[in-house]
Amino acid sequence: MAAITEIPGPKGLPLLGSALDLRRDSLDVFLRARRDHGDMVRLSAGPPGARTVLHCVFSPEGVQQILASQAANFRKDNQFYEELRQSAGNGLLTAQDADYLRQRRLIQPLFTKRQVDSYATAVTLEADGTVERWRDAADGVVDVVREMDRLALRTVSRILFGADVEAAVDVIHDNFPVVSEYVTRRGFSPVNPPRSWPLPSNRRAEAASRAVYAVCDRIIAERRAADATAGTASAGTASAEGDDLLSLLSRASSEEDGSLDAAELRDQVLVFLVAGHETTATSMAFALHLLACHPEAQKRAHEEADRLPSGRAPSAADLDELPYLTRVLKEAMRLYPAAPVVGRRSVEAAEVDGHLIPAGADVLVLPWVTHRHPDLWDDPERFDPDRFTPEREAARHRYAWFPFGGGPRACIGQHFSMLESVLALAALLRSYELEAVDTEVPLTAGITLQATGPARVRVRARG
C-alpha cells in the first residue's frame, strides 16, 4: 500500500497559520490536532517565506520509528537543538554522530545500576533536609513545584560536586530559567535576530549563560587543582580520588576514546545540572500534587512507605519494597511528562506510520499527546497508578509511555531519576500528609514542562 503523502492538519490563519494558537497554548493545540485529524498531523506556523511546518507523530508505532527503528534518519538538527547547543554546550543531550558516541561510551559506566545506587545517600540527605524545612512552612503550605526544583537541584549538585553543593545551587537556580526561556523562544520562532545584536534579551541571556558557565568552570578548576595536590601527596593512591560524579567524569577514559577535555567536561556538567534536575523535579512535584488531590492513593502510598524499616533513611535496596509509589510516579510522568515535546529533523524522505515525511522536515513526537491517546489509555485524564502494574505494562506498546525517550538516544539517567524520585517521595510521605490547595496547575512547554502558576500543598506532620 502506498504511503499517504497528503498529511492532514488545521488550516489556521491565512498569514500566520497556527502560530498564534501555538504561542497561546501549544499543548492544547497538539491534543486537538490528534483529536480532529488523527495520528499524523501537519501544522504550519509563521508568515509566508518564514513559515515553520511541523509533522506531528502521535501513534506509538510512529514514535518507535522516529526514535528507534529509523533513528539514524531523524536527527537533532532542528532549530531548537541548535539554540540549545549555543546556550548550553555540546554535551550528551545535544551532541551527535562521533561526538555523541564517544561521550556516551565514556559516561555510560558512571550510570550503571550499581553506580547509580551509590547516589542514594545524597538523595535521602537532601530529602531529609526538605522534611526539616517544611516544619517551618508558613501556615503549613508549600509550593511543591518550587520545593521539588530546589530538592532536585541540590541533589544533583551534591552528586556532582560532593561537599561543594552550595557553590552552584543559587547560580543555576537564578540564571538557568533565563537561558531556558531564551532558548525556547528562539527555538520555535520563525525569525530570530542574531545573538550578537545588543538587544536586552540577548544581553540577559548571555549574562545568564556566562554566570552558569563560570560557576562550572570554577568548581572544575578547583577540583582538578585539589585532586592534583592530593594525588601528589598520596603518590597516586586510590584514597586520594573523589567519588562524586565530577571526579568520576574527570577520570573517565578509554584507550579508544581518550578522556573528556575541559570544555567537554563543563558541557557534561551543565547537562547533568540542567537536564538532571528539571526533569526529575517535574516528576516529583506532580506526583505530590496528584497524591494531594487523591486521598485514597495517598493513603496507600503512606502505608507502603511506613512498612520500610524505621530509624533509617530509605535506600536503593528499598526500591523493590515501594511498587505502589513507583506506579504513582509513573502515572505522574504519564500525565505530566517532563519532556512533553521531542523534536527531530528528517535527513531523507521516510515512511512513518503509513505517511510519507519529506526530507528536511521538522518532526515532533509528543509524550503529552501519546500519553493521553484514548486508544491506549482508558479515561486518559484520570489518575490511576494501577495502570502500571507489571501485567498492564506488559500488555501495552513499548512506546505508549516514553517519558525517557527511546532508541539509541534514550535518557542515560533514567534509572537515577526513578531512584531519586521514589526515595525522596518515600522520605517525604513518611513525615507528612498532603492536602491540595491548588487543584489545577497552569502549564506551558519550554525545554521541559513548566508550571506557570503554583502547585500549593498543605503539609501536616504525621504522628
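The coordinates are above.
Predicted, not measured: the structure shown is a model, and the values here were computed from it.

Conventions adopted
Residues numbered from 1 in each chain as written. Predicted model: local features only at pLDDT ≥ 70, side-chain atom pairs only at ≥ 80, totals over all residues. Heavy atoms only, no water. Axes fitted to C-alpha atoms, helices over the stretch in contact; angles between N-to-C directions. Helix = DSSP H or I, 4+ residues; strand = E, 2+ residues; numbered from the N terminus. Parallel < 35°, antiparallel > 145°, perpendicular 65-115°, else oblique. Left-handed = near helix turned anticlockwise from the far one by under 90°. Contact = heavy atoms within 4.5 Å. 1 Å grid on protein atoms, 1.4 Å probe; cavity = no way out; pocket = protein on both sides within 12 Å on 5 of 7 lines; lining within 4 Å. Points joined across faces, edges and corners; volume = space filled by probe spheres on them. Nonpolar A, V, L, I, M, F, W, Y, C, P; charged D, E, K, R; others polar. Polar contact = N/O pair within 3.5 Å; in protein donor to acceptor, adjacent residues only side chain to side chain. Pairing = 2+ DSSP bridges. Phe/Tyr/Trp six-rings, centres within 6.5 Å; stacked < 30°, edge-to-face > 60°. Buried < 20%, exposed > 50% of the residue type's maximum accessible area, 1.4 Å probe, protein only.

Notes on the packing of helix H3 (residues 79–88) against helix H8 (residues 165–187)
- Between H3 and H8, the shortest axis-to-axis distance is 8 Å and the interhelical angle comes to 150 degrees. Classed by the angle they form, the pair H3 and H8 counts as roughly antiparallel. For the crossing formed where H3 meets H8, the hand is right-handed. On H8, the residues that touch Gln79, Phe80, Glu83, Leu84 and Ser87 of H3 are Val179, Tyr182, Val183, Thr184, Arg186 and Gly187.

Some points on empty space enclosed by the protein
- Inspection of the entire model under this criterion finds one cavity of 30 Å³ or more.
- Contributing to the lining of the largest cavity are Ser87, Ala88, Phe176, Val179, Ser209, Val212 and Leu270.
- Of all the secondary structure elements, the ones that give two or more residues to the lining of the largest cavity are H3, H8 and helix H9 (200–233).
- By residue class, the composition of the lining of the largest cavity is five nonpolar, two polar and no charged.

Some thoughts on the environment of Asp244
- Here Asp244 shows up in the loop between H9 and helix H10 (245–251).
- Beyond its immediate sequence surroundings of up to four residues, Asp244 is in contact with Ile159, Leu160, Phe161, Gly162 and Arg223.
- A polar contact is formed between the side chain of Asp244 and the backbone nitrogen of Ser247, at a distance of 2.9 Å.

Overview of unusual backbone geometry
- For Asp353, which is not a glycine, the phi torsion comes out positive at approximately 50 degrees.
- By secondary structure assignment, the location of Asp353 is in the loop between strand E8 (350–352) and strand E9 (355–357).
- Despite not being glycine, Asp379 has its phi angle at roughly 45 degrees, a positive value.
- Along the chain, the position of Asp379 falls in the loop between helix H14 (367–370) and helix H15 (390–394).

Some words on the sheet that holds strand E14 (residues 456–461)
- Pairing is antiparallel across the open sheet formed by three strands, whose spatial order is E4-E14-E11. In this open sheet, the two edge strands, each paired with only one partner strand, are strand E4 (141–143) and strand E11 (432–436). Within this sheet the neighbouring strands show an average axis-to-axis angle of 40 degrees, counted without direction.
- Here helix H11 (residues 262–293) sits on the sheet and contacts E11 and E14; the angle it forms with E11, its principal contact strand, is near 80 degrees.

Structural notes on the packing of aromatic side chains
- Using the criterion set out here, one finds nine aromatic pairs in the structure.
- Summarising the aromatic geometry, the rings of Phe286 and Tyr336 are spaced 4.0 Å apart at their centres and angled 10 degrees between planes, so their arrangement reads as stacked. Taken together, the positions of Phe286 in helix H11 and Tyr336 in the loop between helix H13 (323–335) and strand E7 (342–346) put the pair 50 residues apart, joining distant regions of the chain.
- For Phe286, a relative accessible area of 3% puts it in the buried group.

Notes on the sheet that holds strand E3 (residues 74–75)
- Spatially, five strands are ordered E1-E2-E10-E7-E3 in an open sheet, and the strand pairing comes out mixed. If you trace the sheet from one side to the other, it starts and ends with strand E1 (40–45) and E3, each paired once.
- Inspection of the sheet shows E1 paired to strand E2 (residues 52–57) by six bridges, in the antiparallel sense. Counted as the bridge partner of Val41 is Cys56 from E2.

Side note on the environment of Glu126
- Along the chain, Glu126 falls in helix H6 (residues 120–134).
- Relative accessible area serves as the criterion here: at 5%, Glu126 is assigned to the buried category.
- For the pair Glu126 and Thr155, spaced 29 residues apart in sequence, the C-alpha to C-alpha distance is 6.0 Å.
- Non-local contacts of Glu126, meaning those with residues more than four positions away in its chain, are made with Leu151, Arg154, Thr155, Arg158 and Val165.

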